[in-house]
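So you can see what is in the structure, the chains are spelled out below.
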Amino acid sequence: MPLPRPSLTAVEGPSRRRLLAAGGALALAPLLAACGDGGTKDAAGSSSEGGGGAWSFKDDRGRTVRADDRPQRIVAYVSTAAALYDYGVECTGVFGPSAPIDGRPNPQAGDLDVGELTSLGTAWGQFNLEKYAALRPDLLVSNMFPAPDLWYVPAESSEKIEALAPTVGIDIARTSLLEPLRRTAALAESLGADLSAKKVTDAEARFEKAAETVRAAARDNGGLKVMAVTGDTENFYVAVPDSYSDLTFFKDLGVEFVEGKKSDEWGFWEFLSWENANKYHADLVMVDHRSTSLSLKQLEEKATWRELPAVKAGQLTTWSMEERFSHAGFAPVLERLAEAVGDAKRL
């Protein structure tokens with residue numbers, strides 16, 4: 001089954017995946033069991049003892065991952081690693097887009113110093129098994145978009161990858177943002193994070209204040225229509241808001257979205273030709289700012305993009321659709337959204 005890919009690669013299916021060559025026999029570690037009973041769990045379904053002792057965590061696939069000791073050598077999808085870092089949990093390796101964009105740090109990397117981490121690959125389908133094995137990983141963590149597939153973990157290599165270390169998946173699709181935030185924090189806590197640390201509680205307070213600011217802006221500017229989009233050279237994509245946890249939460253705060261219609265089985269986008277990019281009216285456009293999407297400069301080369309009322313009015317804001325799922329990550333996202341919604345005019 002192909003992964004739903006909310007970008008240029010979303011519609012191209014597995015033919016775009018680069019097959020990974022194992023390069024000979026790998027010395028695979030035994031597969032760690034991800035089932036069984038016993039142990040004391042907290043409300044998040046995890047347990048651990050001090051700096052050592054048995055560790056377990058029940059992920060969003062319903063799998064309870066267990067280890068004799070709390071994982072130390074963690075490899076994660078880049079934005080997941082960045083979220084864990086916000087809680088004080090450091091990873092050894094990352095995979096997924098992490099290279100700078102136009103000389104600036106990749107927003108998906110958050111506050112990570114990616115130059116100090118081993119990258120297993122930055123593009124879809126890239127996952128260097130040899131590098132991964134050399135890290136002697138204790139745990140691999142990724143988002144799921146949606147479950148049960150681990151984001152950016154190649155399906156054709158999943159058995160070999162899971163044989164090297166247990167894996168944990170956090171579901172970020174078709175739910176409210178609050179749920180992956182809660183689950184990521186719970187995972188971080190199980191890995192040793194102190195959720196009562198001032199840095200953590202300050203970030204949560206900033207997030208909650210920013211959320212209320214969005215709510216007030218949406219209320220005061222009622223009727224404003226917002227559209228979340230991405231684009232590639234061939235097509236213009238309008239998001240189906242209920243498929244995205246961040247857009248779902250923004251809707252809960254009162255933001256009114258243009259509702260794209262599902263164009264495929266995954267249901268994340270409505271695919272439009274550039275000739276039909278003006279199908280919907282929007283007063284404010286949220287533009288996907290990932291490295292896999294067309295930049296604003298590239299979008300400006302499309303005549304139909306330039307003719308959109310919101311574009312003409314300069315009513316655009318970035319869409320952090322793969323932001324790290326931590327309060328520290330999403331607080332500034334909410335602040336930018338509140339400002340954009342508050343300043344926009346109905347066109």
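Predicted model only: the values in this text are computed from it and were never measured.

1. Looking at the sheet that holds strand 7 (residues 139–144)
- Taken in spatial order, the five strands of this open sheet run 6-5-4-7-8, and their pairing is parallel. Among the strands making up the open sheet, the edge pair consists of strand 6 (118–119) and strand 8 (167–171).
- In this structure, strand 4 (residues 74–77) lies alongside strand 5 (residues 93–95), joined through three bridges in parallel fashion. Residue pairing across strands places A76 opposite V94, the latter belonging to strand 5.
- In this fold helix 1 (residues 78–86) packs onto strand 4, strand 5 and strand 7, with an angle of close to 120 degrees to the strand it touches most, strand 4.
- Sheet contacts for helix 4 (residues 178–190): strand 7 and strand 8; angle to strand 8, the most-contacted strand, approximately 155 degrees.

2. A look at helix 5 (residues 198–220)
- Taking 1.5 Å per residue as the helical rise, helix 5 with its 23 residues ought to reach 33 Å, and the 33 Å between its terminal C-alpha atoms agrees with that figure.
- Listed in full, the buried residues belonging to helix 5 are V200, A203, F207, A210, A211, V214, A217 and A218.
- Taken together, the buried residues of helix 5 touch helix 1, helix 4, helix 6 (245–252) and helix 10 (327–343).

3. Quick notes on the pairing of strand 13 (residues 284–288)
- The buried fraction of strand 13 amounts to five of the five residues, a majority that puts the element mostly inside the structure.
- Relative to strand 13, strand 9 (residues 225–231) runs parallel, the two being bridged by four bridges. Note on strand 13: the bridge partner recorded for V226 is L284.
- Here strand 13 pairs with strand 14 (residues 316–319) via four bridges, running parallel. Residue pairing for strand 14: D288 is matched across the bridge by W319.

What counts and what doesn't
Residues numbered from 1 in each chain as written. Predicted model: local features only at pLDDT ≥ 70, side-chain atom pairs only at ≥ 80, totals over all residues. Heavy atoms only, no water. Pairing = 2+ DSSP bridges. Helix = DSSP H or I, 4+ residues; strand = E, 2+ residues; numbered from the N terminus. Contact = heavy atoms within 4.5 Å. Axes fitted to C-alpha atoms, helices over the stretch in contact; angles between N-to-C directions. Expected span 1.5 Å × (residues − 1). Buried < 20%, exposed > 50% of the residue type's maximum accessible area, 1.4 Å probe, protein only.

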